[in-house]
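The chain contents come next:
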Amino acid sequence: MLDFLSLLPYWQVFVEGIVTTLWVTVVATLLGLAIAVPFAWLRLEGPRLLSALIGIYVELIRNTPFIVQLFFIYFGLPALDLRLSATSCALIAMTLNLTAYATEIIRAGIQAVPKGQREAARVLGMSPLQSYRHVVLVPALSRIYPALTSQCIIVMLGSAVISQISVEELTYAANFIQSRNFRSFETYIVATLCYLGIAIAMRQSFEYIGRRLFGFLQGEQR
Amino acid sequence: MIDFTLWDILGHLLRALRWTLALSIIAFVGGGLVGALLTWWRTSQIKALQLLVRGYVELFQGTPLLMQLFLIFFGLSALGINLSAWTAATIALTLFTSAFVCDIWRGSIEAIPAGQWQAARVLGMSRLQTLRHVVLGQAVRIAIAPTVGFSVQVIKGTALASVIGFTELTRTATMLNNAAFMPFTIFGLLALCYFCLCYPLSRYARYLEKRLDVHGSR
Amino acid sequence: MSMVRVDALYKSFGANQVLKGIDLRIQEGEVVSIIGRSGSGKSTLLRCLNQLELHDSGSIEINGKRLDGEAMSARQLSEHVGMIFQSFNLFPHRRVGENVMLAPMVVRGESREAVEPRARALLESVGLGEKFDAWPGQLSGGQQQRVAIARALAMAPKVLLCDEITSALDPELVGEVLRVLEKLAVDGMTLVLVTHEMRFAREVGSRVVFMHQGKIHEQGDAKRVLDDPQTPELKQFLASTR
Ligand SMILES: Nc1ncnc2c1ncn2[C@@H]1O[C@H](COP(=O)(O)OP(=O)(O)O)[C@@H](O)[C@H]1O
Ligand SMILES: [Mg+2]
């Protein structure tokens with residue numbers, strides 16, 4: 001009674017959904033990580049007020065559901081007369097979300113770098129920024145890399161929720177297809193497996209990139 | 001458009017809060033029970049069971065919770081199994097929770113040094129006795145902080161039950177917003193409700209983690 | 001009848017052959033010190049004796065019972081062989097007294113009332129009578145190791161295996177553990193110890209076994225072997241430990 005063949009005519013819809021899921025994930029990941037690195041530094045070393053504000057932002061995001069953040073932005077911004085596309089809203093929400101988690105992960109990683117490392121850099125005449133970049137950040141990133149990988153995958157999986165504001169990604173595609181072919185079980189199974197495939201592929205690409213980036217460090221630690 | 005005062009909105013949200021709470025507690029307790037069974041299988045010495053649980057955990061950690069909800073609510077109904085939104089949400093969140101706590105608990109058990117197993121073994125204890133009298137007591141101490149931390153994910157996860165039509169906090173807020181278009185107020189208060197539920201748990205988890213670090217050597 | 005009887009024992013880890021035909025007899029009440037370079041297979045031999053490692057071929061008999069893979073359960077084995085580890089391995093979440101009482105209660109099903117006096121007496125005999133309710137983490141390394149000895153003795157084993165049990169201790173704490181071992185030896189316990197404490201091996205031990213590259217290279221009366229080594233390998237080893 002299962003009929004996966006009935007999905008065949010819709011393969012293009014699936015592919016388009018996957019493509020959208022992938023690109024919003026990539027954009028949000030890159031933006032989020034790019035913002036999180038300076039945020040983590042400011043959280044630790046910045047002026048007290050700024051540090052506190054970032055702390056509040058991180059806690060607010062981490063302790064509320066993504067779908068609420070999404071609705072707040074999607075329904076809230078037009079009330080401010082800011083008209084943005086659903087996709088832009090989704091990207092903002094995803095980026096804000098990942099930034100908060102990544103800031104916290106990177107902060108913890110930086111704090112775990114032994115103090116002696118920084119003091120050594122200071123003694124060698126490096127400025128705080130130089131020592132942050134060369135002595136603290138790279139070892140910290142290599143240590144928290146697995147946690148960051150998981151967080152980026154969580155953001156990808158969370159992007160299923162942006163179907164609720166009509167961004168036409170994979171979940172939206174699945175909803176659309178099952179409303180046409182009335183084969184919701186098969187449709188959602190296939191969508192689920194697509195997500196699983198993307199998650200596994202993401203993990204492996206991150207591992208590959210990690211080996212290229214931090215391979216020398218892991219070698220040293222052994 | 002209907003005019004709502006702040007108090008009206010808050011009143012509606014607070015009344016819906018109990019459903020969010022109920023769903024969270026059931027999912028957490030149910031997920032804990034299923035998760036304990038899974039952990040038991042995962043750390044057993046039967047290869048097939050280990051593999052099965054690994055696949056299960058991978059599946060639930062590698063797919064969106066929203067998809068899991070859709071599969072159980074819409075998907076099963078297409079197969080003739082009709083569940084209420086409440087039942088479907090309970091099942092989905094329980095399974096979701098069980099996979100994650102299983103992963104946390106397995107990690108905690110594996111964190112116990114091999115020397116503890118060996119010491120128990122040479123004293124004549126069986127695997128089961130060692131697990132019960134030596135390993136579990138220590139693993140619980142390691143597991144408690146991340147488990148409390150994960151309860152925050154469960155509470156936030158219940159918000160997705162709104163999508164399949166279960167009227168908890170988030171769905172109440174969207175319905176309110178449809179009636180009285182006040183997105184900032186309504187979703188702001190909604191976020192505040194979740195924050196008040198989750199933040200204390202997050203803080204508690206962090207406190208437990210610190211305390212373990214300090215007393216870790218004991 | 002020998003207390004421990006090992007014949008043609010072989011053990012490999014992958015391609016690495018670690019034990020290459022060990023023959024060993026140990027009589028009741030003997031104190032046998034196993035010495036040798038790091039990597040010569042001393043720990044592996046000890047771990048085979050209580051089946052923490054399963055040997056590939058050959059035979060092991062303890063107190064007349066033959067060990068063959070899974071033939072003897074951990075419970076039966078613990079009636080014959082006890083073991084002390086270099087890293088103590090006390091159970092950190094249980095008080096000292098509970099550490100000592102746990103195995104008799106769990107494994108033998110004895111009641112707490114029956115075990116407690118014995119546990120207190122054992123702790124008393126290792127000089128830790130007042131530490132019954134302390135946590136392992138509150139004790140020094142030497143005290144922890146003495147608790148570990150009391151814990152092993154609670155199962156009343158016939159043979160006690162000790163794998164470098166003073167190596168993780170600060171020098172000033174070594175003596176208190178060795179004194180406990182010496183008392184056990186005097187009381188007639190069969191002891192098999194891997195050790196670097198040559199003076200202890202010479203004064204207390206009845207026999208010294210020198211292992212080299214997976215084989216027993218030289219063995220004999222403790223004083224004779226240590227004072228008058230026959231093989232160049234043992235001479236070199238003893239010179240390096242001075
Ligand atoms: N569990 C194991 N797996 C693989 N190799 C091992 C294991 N235990 C010991 N070995 C190897 O066996 C050899 C002997 O080790 P061991 O018995 O510990 O020597 P010793 O105690 O004399 O220093 C070493 O080369 C060691 O690397
Ligand atoms: Mg050794």
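None of these values were measured; they are calculated from a predicted model. (Residues numbered from 1 in each chain as written. Chains lettered and ligands numbered in written order. Predicted model: local features only at pLDDT ≥ 70, side-chain atom pairs only at ≥ 80, totals over all residues. Heavy atoms only, no water.)

*Asks:* Help me out: how do you make sense of the site of ligand 1 in this one?
*Replies:* All names here are of chain C. Residues in close proximity to ligand 1 include Phe-13, Asn-16, Val-18, Arg-37, Ser-38, Gly-39, Ser-40, Gly-41, Lys-42, Ser-43, Thr-44 and Glu-53, which together make up its full environment. Taking Ser-40, its main chain carries an N or O atom lying 3.3 Å from an oxygen atom of ligand 1. Between Gly-41 and ligand 1, the recorded distance is 3.1 Å, taken from a backbone N or O atom to an oxygen atom. Coverage of ligand 1 by the protein amounts to 59% of the 560 Å² it exposes when considered alone. A total of three residues in the shell around ligand 1 trace back to one element, the largest contributor, which is helix 1 (residues 42-49). For the shell around ligand 1, the per-class residue count stands at two nonpolar, seven polar and three charged. (Near = heavy atom within 4 Å. Polar contact = N/O pair within 3.5 Å; in protein donor to acceptor, adjacent residues only side chain to side chain. Areas by Shrake-Rupley, 256 points an atom, 1.4 Å probe, with all protein chains shown as cover. Helix = DSSP H or I, 4+ residues; strand = E, 2+ residues; numbered from the N terminus. Nonpolar A, V, L, I, M, F, W, Y, C, P; charged D, E, K, R; others polar.)

*Asks:* How should the interface of chain C and chain B be read in this particular structure?
*Replies:* Taken together, the contacts link 25 residues of chain C with 16 residues of chain B. Roughly 1,900 Å² is buried in total at the junction of chain C and chain B, and carbon and sulfur atoms are behind 64% of that figure. Three residues, C:Phe91, C:His93 and C:Val106, lead the burial of chain C against chain B; their summed loss comes to 26% of the area buried on that side. Seen at the junction of chain C and chain B, the total is zero salt bridges. Taken together, the links from chain C to chain B amount to eight residue pairs in polar contact (both at pLDDT 80 or more). Among the secondary structure elements, those contributing two or more residues to the side of chain C that touches chain B are helix 2 (74-78), strand 6 (81-84), helix 3 (96-108) and helix 5 (141-153) of chain C. (Contact = heavy atoms within 4.5 Å. Buried area = accessible area lost by both parts, 1.4 Å probe. Salt bridge = Lys/Arg side-chain N within 4 Å of Asp/Glu carboxyl O.)

*Asks:* Can you walk me through the interface of chain B and chain A in this structure?
*Replies:* Think of interface size as the accessible area that goes away when the parts come together; that is how it is often given. In this complex, chain B contributes 38 residues to the contact, which on the side of chain A involves 35 residues. Buried surface at the junction of chain B and chain A, both sides included, amounts to about 3,200 Å², of which 79% is carbon and sulfur. Counting across the chain B and chain A interface gives one salt bridge. Viewed at the interface, chain A and chain B are joined by five residue pairs in polar contact (both at pLDDT 80 or more).

*Asks:* What exactly am I supposed to notice about the packing of helix 3 (residues 66-79) of chain A against helix 4 (residues 86-111) of chain A here?
*Replies:* The packing of two helices is summarised by the inter-axis angle and the distance between the axes. Residue and element names in this part refer to chain A. Remark: helix 3 packs on helix 4, axes separated minimally by 9 Å, with the N-to-C direction vectors making an angle of 135 degrees. Regarding the angle of helix 3 to helix 4, the classification is oblique. Considering only the axes of helix 3 and helix 4, their crossing is right-handed. Within the contact between the two elements, helix 3 uses Phe-66, Gln-69, Leu-70, Ile-73 and Tyr-74 and helix 4 uses Ala-86, Cys-89, Ala-90, Ile-92, Ala-93, Met-94, Leu-96 and Asn-97. Each residue belonging to the contact of helix 3 with helix 4 can be placed in one class, and the counts come to eleven nonpolar, two polar and no charged. (Axes fitted to C-alpha atoms, helices over the stretch in contact; angles between N-to-C directions. Parallel < 35°, antiparallel > 145°, perpendicular 65-115°, else oblique. Left-handed = near helix turned anticlockwise from the far one by under 90°.)

*Asks:* Looking at this structure, I do not really get the sheet that holds strand 6 of chain C. What am I missing?
*Replies:* Strand-to-strand pairing in sheets goes through backbone hydrogen bonds, with the strands running parallel or antiparallel. Residue and element names in this part refer to chain C. Spatial ordering of the open sheet is given by 6-7-8-3-9-10, a layout of six strands whose pairing is mixed. The open sheet has two edge strands, strand 6 and strand 10 (215-221), and neither has a second partner. Neighbour-to-neighbour, the strand axes of the sheet open up by a mean angle of 20 degrees, direction not taken into account. Pairing between strand 7 (residues 159-163) and strand 8 (residues 190-194): five bridges, direction parallel. (Pairing = 2+ DSSP bridges.)

*Asks:* Can you walk me through the domain arrangement of chain C in this structure?
*Replies:* All names here are of chain C. The domain boundaries assigned to chain C delineate domain 1 (28-53 + 70-80 + 158-241) and domain 2 (88-156). Between domain 1 and domain 2, the C-alpha centre-to-centre distance is 24 Å. Tallying the contact residues gives 15 residues for domain 1 and 16 residues for domain 2. Ranking the residues of domain 1 by area buried against domain 2 places Arg-75, Glu-176 and Val-180 at the top, with a combined share of 30%. At the surface where domain 1 touches domain 2, the tally comes to two salt bridges. The shortest N-O distance in the salt bridge between Arg-146 and Glu-176 comes to 2.9 Å. Applying the counting criterion to the domain 1 and domain 2 interface returns six residue pairs in polar contact (both at pLDDT 80 or more). Of all the secondary structure elements, the ones that give two or more residues to the side of domain 1 that touches domain 2 are helix 2 and helix 6 (171-186). With seven residues, helix 6 is the largest single contributor of residues to the side of domain 1 that touches domain 2. Class assignment for the residues of the side of domain 1 that touches domain 2 results in nine nonpolar, one polar and five charged. (Domains from an automatic or database assignment.)

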